[in-house]
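Breakdown of the fold
In case you want the letters, here they are:
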Amino acid sequence: MPTTTAHRGRPGVTVLTAQERRVLHALGCGLEDDEIAENLALPEHVVAGQLRTVLAKLGLRSRAAAVVHAFDCGLVVPGLGPRSRSAAPGAAVRQRTGPVPGPRLRVCVLGPLRVWLAGQPVDVGPVRQQAVLAALALSPDRSVSRQELLDGVWGTESPGANVVPVYVYRLRKILRLGECPDPVIGRDRYGYGLARGAAEVDVASMEGLVTEAGAAERAGDLTEAVGLCSRALELFRGEPLAGLPGPLAELERLRLAERRVALAQRKAGWQLRLGRVAEAIGGLSALALEEPLNEPVAALLMRALQRDGRRAEALAVFDRTGRRLADDLGVAPGELLLRARWAVLRGDDAGAGRGRAGAA
């Protein structure tokens, strides 16, 4: 039976009515509104209203978050299709293309490492063992050699090459689904890797959304691009790989943190091009608090405030950032920040989101 335990402080699905659970179940199975309406014999406007109610009751911000919640609560199981008892008898979703295919393992590294097997959270052992799995998850399209794992997880404190097969063996046992003979972690002459199609990794999902957002921008649909970028940013749950040891985790923490900042800037740039200035200012203000030494973020926030007629606040951003640069790094504001200041002083908002948003 699916669990209804609340995850990360959110209510479980017991707060939903039977029909709302059926709608959430269908959404988690990957159906669009019209497909949900067809399969549940409901008008589309009723489905849309039910989805809004589900988001409100569960305290979720988006449909993507609702899909994740459906998996977290066990309402939908990756790789096994819908659970027939997740809704009222006779209400199982009838899909046009048969059971929903999908990986049986889900690995999330855009925050503390979290792992689900067939929809259930899994403890994958001590932190070094977690770091081995994370290293494999971050290299989804290639094998990772034993030496790479030693260097990436243990660095100069390597206990010996034999530790890698031991950790891989333990992970295989933990991640084996029932009597399934196929291991999640495979091996070839080059090293170890996650079996193709067996795992879903949030980094890959994030990059896929970013690619789609770029395509939407090129097609001239900035509203869609902003939405896709928002979904990508929602996958971040705090510091990537938080608490995991080793040089690889440290490098990936920095890279993924920078990736998140770049995506947030890109989203803000698109919002400015759409004239959604208040939304851009809100996001950039929060980002500037997190990144007080980031001059591109400060410059973009200044231009957004200038476009909103908030000249004094824009100049205050320059002063605050300049002081932090001097106090923390002993440097003066760079050319980008100086140009933004001159634009504010001249009352010139050219370039404030009118050009192409920065590549991410």
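Check the entry above for the structure.
Residues numbered from 1 in each chain as written. Predicted model: local features only at pLDDT ≥ 70, side-chain atom pairs only at ≥ 80, totals over all residues. Heavy atoms only, no water.

Focus: a nonpolar patch on the surface
For clarity, the cut-off: Candidates for patches are residues over 30% relative accessible area with no salt bridge; among them, like charges are joined within 9 Å and nonpolar side chains (Val, Leu, Ile, Met, Phe, Trp, Tyr) within 5 Å. Accessible areas in this description were obtained via Shrake-Rupley with a 1.4 Å probe; residue shielding takes into account the shown protein chains only. One side-chain nitrogen of Lys or Arg within 4 Å of one carboxyl oxygen of Asp or Glu is enough to make a salt bridge. Comment: elements are numbered from the N terminus, with helices defined as DSSP H or I runs of at least four residues and strands as E runs of at least two. Note on exposure labels: buried denotes an accessible area under 20% of the residue type's maximum, exposed denotes more than 50%, and partly exposed covers the range between, all computed with a 1.4 Å probe on protein chains only.
Nonpolar side chains collect at one region of the surface, where Leu293, Leu329 and Val331 lie side by side and expose about 230 Å² of accessible area between them. With respect to the helices and strands, Val331 occurs in the loop between α13 (311-329) and α14 (335-346). Judged by relative accessible area, which is 38%, Val331 ranks as partly exposed.

Looking at the pairing of strand β7 (residues 191-194)
For the record, the criterion: Pairing between two strands requires that DSSP report at least two bridges joining them.
Bridge analysis of strand β6 (residues 185-188) against β7 gives 4 bridges, and the strand direction is antiparallel. Its bridge partner lying in β7, Gly186 is registered against Gly193.

Brief notes about the sheet that holds strand β3 (residues 105-108)
Basically, it comes down to this: Pairs of residues are marked as contacts when any of their non-hydrogen atoms sit within 4.5 Å. Axis definition: a line fit to C-alpha positions, over the contact stretch in the case of helices; interaxial angles, taken between N-to-C directions, run 0 to 180 degrees.
Reading across from one edge, β5-β4-β3-β8 is the order of the 4 strands in this open sheet, with mixed pairing throughout. Only two strands of the sheet have a single partner each, and these edge strands are β5 (120-121) and β8 (199-201). Taken together, the 2 bridges between strand β4 (residues 114-117) and β5 define a ladder with antiparallel strand orientation. Note on β5: the bridge partner recorded for Leu117 is Gln120. Each of β3 and β8 touches helix α8 (residues 202-218); the most contacted strand, β8, lies at about 60° to it.

With respect to α8
Here is the rule we go by: One less than the residue count of a helix, multiplied by 1.5 Å, gives the span that helix is expected to have. An arc is given here, and it is the one of the directions from the helix axis to the C-beta atoms.
The end-to-end C-alpha distance of α8 is 24 Å, a good match for the 24 Å that 17 residues give at a rise of 1.5 Å each. Buried within α8 are the following residues: Asp202, Val203, Met206, Leu209, Val210, Ala213, Gly214, Ala216 and Glu217. Down the axis of α8, the sector holding all buried residues measures 160°, keeping them to one side. In α8, those exposed residues whose orientation departs by more than 90 degrees from the buried face are Thr211 and Arg218. Immediately beyond the C-terminal end of α8, within one or two residues, lies Gly220, with a positive phi of roughly 85°.

Examining the side chain of Gln129
Keep this limit in mind: Side-chain atoms alone can form a polar contact between residues adjacent in sequence; in general such a contact is a pair of N or O atoms within 3.5 Å, and within protein one must be able to donate a hydrogen while the other accepts it.
As for its position among the elements, Gln129 is in helix α5 (residues 127-137). At 2.9 Å, the side chain of Gln129 and the backbone oxygen of Val124 are in polar contact. Other than its neighbours up to four places away in sequence, Gln129 contacts Val124, Tyr167, Arg170, Leu171 and Ile174.

As for the pattern of salt bridges
In the structure shown here, the tally under the stated rule is 13 salt bridges. In this structure, Glu252 and Arg255 form a salt bridge, with 2.8 Å as the shortest nitrogen-oxygen distance. Highlighted residues: Glu252 and Arg255, both in helix α10 (residues 247-273), separated by 3 residues, approximately one helical turn. For Arg255, a relative accessible area of 36% corresponds to the partly exposed category.

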